[in-house]
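Secondary and tertiary structure notes
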Amino acid sequence: MKRFRRLALYGALAMIASTSALARTRPDPVETAARAAMAETGARGLAIATIAGGKVRTVRTWGVRNARGDPLTPDTVMYGASLTKAVFGYFVTQLAAEKRLDLDRPIAALLPRPLPDYGNLDAYGNWGDLAGDDRWRAITPRMVLNHATGFANFAFLEPDGKLRIHFDPGTRYAYSGEGISLLQFGIERGLGLDVGAELQRRFFGPLGMTRTSLTWQAGFAPNIADGWDERGRVEPHDERSRVRAAGSMDTTIRDLSRMAAAMVRGDGLPARWRAAYAQGTLPITTRQQFPTLLPDAPPAERPNATAALGVIAFTGSQGRGWLKGGHNDTTANTLVCLEAGRRCVLILSNDVRAERAFPALVRAALGETGVPYRWEYPGLPRY
């Protein structure tokens, strides 16, 4: 009998060892998807972090950071682009929770003077252009974070380069960096807070994000990522000298994964305010996100998405989630989080061509999520 028990024990141990060996040799889905993405798109650099249970689980990089072929590492400084807006939205939600700001009180109430009286300020916006249209008085912080100000994305995209309001604020979604600049202006002039310094004090410093800033830091220079555009041309990293809540953040995949984990955990927010941050309140009625100011699409062609406080809320087979992208000619970033299990995937690339692989990369990390890719990236091939 003892002999049979020993044999059974040996068999069980062998099975455990075999299972462990299989787990070690089984292809990692994110690794496989990342290498396939680079091969299929031609992207030169890619960084991916995964979060589960509100904790950073993996931080990995592939490819190079410049034309010399220097490797992209977890501590390479990359352009955060519009992921800055998600962090700014989290900050504004904290201000609301602290009762320093009312999300539904007009920004005009924060300012000692009428907005157009400030004229056109290079560091903020062309507020003088709004003289004669009093609808600016109705714009609230929630409308800004919902992208419902009525502004174009940026005034320089207007035919005459002038800032204007295209629809009654609060009535519909239209992505706008100008709106974010207006809220930054209201906070800095009305509350006396320096947005860049506040993000450092509240988030970047406590989380150990030593290579993250909304303005260029000389210490970043030894390990920065240049970028590649759609035609494979390289552009040097831009040294941004002004704090722009709409998109001036430099960061690393290691740093920003810590911020994403803090956000999905709800650090620094009471539970009801953490829920409010990612709770969509404004339906999105356009067929796609860009170009902005598109007309409403038929109901059947609208995304399963609503605007929240700096991010986009959606619902899929795994329940509620939220996302934010970041893009310019040489940058492709995305952050997707699921409330169930407090799981996220953060993707940064210094090559805009990587964007075409985002659906496959997110699926490899999180499974099917319900992210409205057709709305966010209308040019993507079928996936």
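Residues numbered from 1 in each chain as written. Predicted model: local features only at pLDDT ≥ 70, side-chain atom pairs only at ≥ 80, totals over all residues. Heavy atoms only, no water.

1. Regarding the packing of helix H3 (residues 83-97) against helix H5 (residues 177-190)
Pairs of packed helices are described in terms of their axes, by the angle between the two and the distance that separates them. What counts, and what does not: Each axis is a line fitted through C-alpha atoms, and for a helix only the stretch in contact is used; angles between axes span 0 to 180 degrees, taken between their N-to-C directions. Strands are runs of DSSP state E lasting at least 2 residues, helices are runs of H or I lasting at least 4, and numbering of each runs from the N terminus. Our angle categories are set so that under 35 degrees counts as roughly parallel, over 145 as roughly antiparallel, 65 to 115 as roughly perpendicular, and the remainder as oblique. Crossings are classed by handedness, with left-handed meaning an anticlockwise turn of the near helix from the far one by less than a right angle and right-handed meaning a clockwise turn. Should any heavy atoms of two residues lie within 4.5 Å, those residues are considered in contact. Under the convention adopted here, Pro, Cys and the residues Ala, Val, Leu, Ile, Met, Phe, Trp and Tyr are nonpolar, Asp, Glu, Lys and Arg are charged, and Gly plus all remaining residues are polar.
Taken N-terminus to C-terminus, the directions of H3 and H5 make an angle of 40 degrees; their axes are 12 Å apart at the nearest point. Overall, the two elements H3 and H5 adopt an arrangement that is oblique. H3 and H5 meet at a crossing whose hand is left-handed. Only Gly177, Ile180, Leu183, Gln184 and Ile187 of H5 make contact with H3, whose side of the interface consists of Lys85, Phe88, Phe91, Val92 and Leu95. Of the residues contributing to the contact of H3 with H5, the split by class is seven nonpolar, two polar and one charged.

2. Structural notes on the layout of surface pockets
Using the following cut-off: A pocket here means an open set of points on a 1 Å grid, computed over the protein atoms alone, that has protein on both sides within 12 Å along at least five of seven lines. A cavity is instead a set of points where a 1.4 Å probe fits but cannot get out; residues with an atom within 4 Å of a point line either one. Grid points are joined across faces, edges and corners, and a volume is the space filled by probe spheres set on the points.
Taken as a whole, the largest pocket encloses approximately 1,100 Å³ of empty space. What lines the largest pocket is a set of 40 residues, and nearest its centre among them are Ser82, Asn153, Phe154, His327 and Asn328. Those elements giving two or more residues to the lining of the largest pocket turn out to be strand S5 (125-126), H5 and strand S12 (319-328). With five residues, S12 is the single largest residue contributor to the lining of the largest pocket.

3. Points about empty space enclosed by the protein
Within this structure, the stated rule accounts for three cavities of 30 Å³ or more. Looking at the largest cavity, its volume works out to about 70 Å³. Contributions of two or more residues to the lining of the largest cavity are made by S12 and helix H10 (373-376). Empty space within the second largest cavity amounts to approximately 50 Å³. In this structure, the second largest cavity is lined by Leu83, Ala86, Val87, Leu256, Met259, Ala260, Met263, Leu335 and Leu346. Taken together, the elements giving at least two residues each to the lining of the second largest cavity come down to H3 and helix H7 (253-265). Classifying every residue of the lining of the second largest cavity by side-chain character gives nine nonpolar, no polar and no charged.

4. A look at the side chain of Thr285
Structurally, Thr285 can be placed in the loop between strand S9 (282-283) and strand S10 (305-307). In contact with Thr285, not counting residues within four places along its chain, are Arg172, Asp296, Ala297 and Arg302.

5. Points about the confidence of the model for the chain
Let me state the cut-off plainly: Confidence of the predictor at the level of single residues is captured by pLDDT, which takes values from 0 to 100.
Considering every residue of the chain, the mean pLDDT works out to 93; 93% of them sit at 70 or more. Here residues 1-23 is modelled with pLDDT under 50, and outside its nearest four sequence neighbours on either side it reaches zero contacts, counting other chains as well.

6. Focus on the state of the cysteines
Selection rule: In this description, a disulfide is simply a cysteine sulfur pair whose atoms lie within 2.5 Å. Accessible area is worked out with a 1.4 Å probe on protein chains only. A residue is then buried under 20% of its type maximum, exposed over 50%, and partly exposed in between.
Tallied over the entire structure, the rule returns one disulfide. Through a disulfide, Cys337 is tied to Cys344; the S-S separation comes to 2.2 Å. An S-S torsion of about 110 degrees defines the bridge between Cys337 and Cys344 as right-handed. For the residue pair Cys337 and Cys344, the accessibility class agrees, reading buried in each case.

7. A look at the nonpolar core
To be explicit about the condition: Nonpolar core, defined: a set of buried Ala, Val, Leu, Ile, Met, Phe, Trp, Tyr and Cys residues in which side-chain atoms within 4.5 Å join the residues together.
Counting residues in hydrophobic clusters, the biggest one holds 68 residues, and the most contacted among them are Phe88, Phe91, Val92, Trp127, Ile187, Tyr277 and Trp322. Tallying contributions element by element places H3 first for this core, with nine residues. In this structure, Ala33, Leu46, Leu338 and Tyr373 belong to the second largest nonpolar core, which totals 37 residues.

8. Thoughts on the side chain of Asn153
Mapping Asn153 onto the fold places it in the loop between helix H4 (141-145) and H5. Asn153 gets classed as buried once you look at its relative accessible area, which sits at 13%.

9. Overview of H3
Side chains of residues three or four places apart in an α-helix project in the same direction, reflecting 3.6 residues per turn. Stated formally: Expected span, for any helix, means 1.5 Å times one less than how many residues it has.
Between its first and last C-alpha atoms H3 spans 22 Å; for 15 residues at 1.5 Å apiece the expected length is 21 Å, and the two agree. Most of H3 is tucked away: 14 of the 15 residues are buried. Phi for Lys99, located one or two positions after H3, is positive at around 65 degrees.

10. Here we look at helix H6 (residues 195-204)
Threshold: By arc we mean the arc of the directions from the helix axis to the C-beta atoms, nothing more. Polar contact criterion, stated in full: a pair of N or O atoms within 3.5 Å, where within protein one must be able to donate a hydrogen and the other to accept it, and residues adjacent in sequence count only if both atoms are side-chain atoms.
Among the 10 residues that make up H6, seven are buried, leaving the element largely enclosed by the rest of the structure. If you check which residues of H6 are buried, you get Val195, Gly196, Glu198, Leu199, Arg202, Phe203 and Phe204. End-on view of H6: buried residues confined to an arc of 155 degrees, all on one side of the axis. If you follow the buried residues of H6, they end up packed against H3, H5 and H7. With a side-chain oxygen positioned 3.0 Å from the backbone nitrogen of Gly196, the residue opening H6 is Asp194.

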